[in-house]
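Listed here are the chains, written in short residue letters.
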Amino acid sequence: MDNRPIGFFDSGLGGLTCIPYLMKALPEEKIIYFGDTARTPYGSKATSTIMNFSREIADFLVMSNVKMIVIACNTVSATCLEDLRERFPQIPILGIIDPAAKKVAEDFGSDDNVGIIGTKVTIASKAYERCIDEHEGKVNIHEVACPAFVPLIEEGIIENDIMDLTIKYYMDDFVKNNDLDAVILGCTHYPLIKDNIKRIYPDLEIINPSSIIVNDIKKVLEENDMLADRSDFRNVFYASDLSENFINMIDHIFENESEEAKVKFLNFDLERGEGK
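Now for a quick tour of the structure. (Residues numbered from 1 in each chain as written. Predicted model: local features only at pLDDT ≥ 70, side-chain atom pairs only at ≥ 80, totals over all residues. Heavy atoms only, no water.)

**Brief notes about the overall build of the chain**
- Secondary structure assignment for the chain yields 11 helices and 11 strands.
- Since a compact globule built from 276 residues should have a radius of gyration of about 19 Å, the 18 Å found for the chain is in line with a globular shape.
- Dimensions along the principal axes, computed over C-alpha positions, put the chain at roughly 50 × 40 × 40 Å.
- Buried residues in the chain amount to 56% of all 276 residues.
- Put simply, 78% of the contacts in the chain that link residues at least 6 apart link residues at least 24 apart.
- A gap of 3 Å separates the mean positions of the 28 positive and 48 negative side-chain charges of the chain. (Helix = DSSP H or I, 4+ residues; strand = E, 2+ residues; numbered from the N terminus. Rg over C-alpha atoms; globule rule 2.2 N^0.38 Å. Buried < 20%, exposed > 50% of the residue type's maximum accessible area, 1.4 Å probe, protein only. Contact = heavy atoms within 4.5 Å. Lys, Arg positive; Asp, Glu negative; His and termini not counted. Charge placed at Lys NZ, Arg CZ, Asp CG, Glu CD.)

**Some remarks on the layout of surface pockets**
- Looking at the second largest pocket, its volume works out to about 390 Å³.
- Around the second largest pocket, the lining comprises 21 residues; the ones closest to its centre are Leu-81, Arg-85, Gly-95, Asp-98 and Pro-99.
- When the residues that make up the lining of the second largest pocket are grouped by side-chain class, the tally is 9 nonpolar, 3 polar and 9 charged. (1 Å grid on protein atoms, 1.4 Å probe; cavity = no way out; pocket = protein on both sides within 12 Å on 5 of 7 lines; lining within 4 Å. Points joined across faces, edges and corners; volume = space filled by probe spheres on them. Nonpolar A, V, L, I, M, F, W, Y, C, P; charged D, E, K, R; others polar.)

**A look at helix 8 (residues 161-177)**
- In this model, helix 8 (17 residues) spans 24 Å end to end at C-alpha, consistent with the 24 Å of a helix rising 1.5 Å per residue.
- Its maximal kink placed at Met-171, helix 8 deviates by approximately 45°.
- Buried-residue contacts for helix 8 involve strand 5 (113-118), strand 6 (140-145), helix 7 (149-154), strand 7 (182-186) and helix 9 (194-200).
- Residue Asp-179 follows helix 8 closely and has a positive phi angle near 50°. (Expected span 1.5 Å × (residues − 1). Bend = angle between axes of the 7 residues up to and from the residue.)

Structure below.
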């Protein structure tokens, strides 16, 4: 047994969408989350910049004595996973792309068309397509970058016409021209607009990596005898810019959770190595 927390990180608030699934599947586990809200979005930045940011956050989580790191960010998973595993060989590090890619390879065949929506960096990396191939998937893959989604979501612009129009701008032709059967939400921010997408495209199956990765987390913890057996650690959510939007989004995501699931918020300056 290992009662240390699991470390999650993302470029902003998107990675929060993984947490409720973990709480339901593994209620004894506790979390340290870091959202780099001061420097979001990562999806249009240079790979070298993303890698430097990711190393800083991983360093912080390791120093916080986490037992595992979950990269709850598709952009970081697509560009930095192997680098972080080499940097921290003593700790399991999971990316969010491979579990969803494996599920797609298993559930869809050569007659199926699956779309991937994500940031510019994630789509350019072809990481999902590569992982699906590694799992011997035969599905037809189609990809499109949707760079405006993350800034709108970070600002809380979700349940309104602006978001719906933006979704249609990126996806109308993409869905129709490729005769899509399903779409992978290739950014952990995107589950926050899942209901919008389902309402606009009711026949489209939505694949949510934020929920799928929980099975892999559980498997790694079980294989390494690292499951927690008590919940005596209060979840801590750090942000590099503890904005009102960040706190409101946590309240929105956890609105159906119990009081025990509530978190404390801390602002943390990575460059100075101290809270603010």
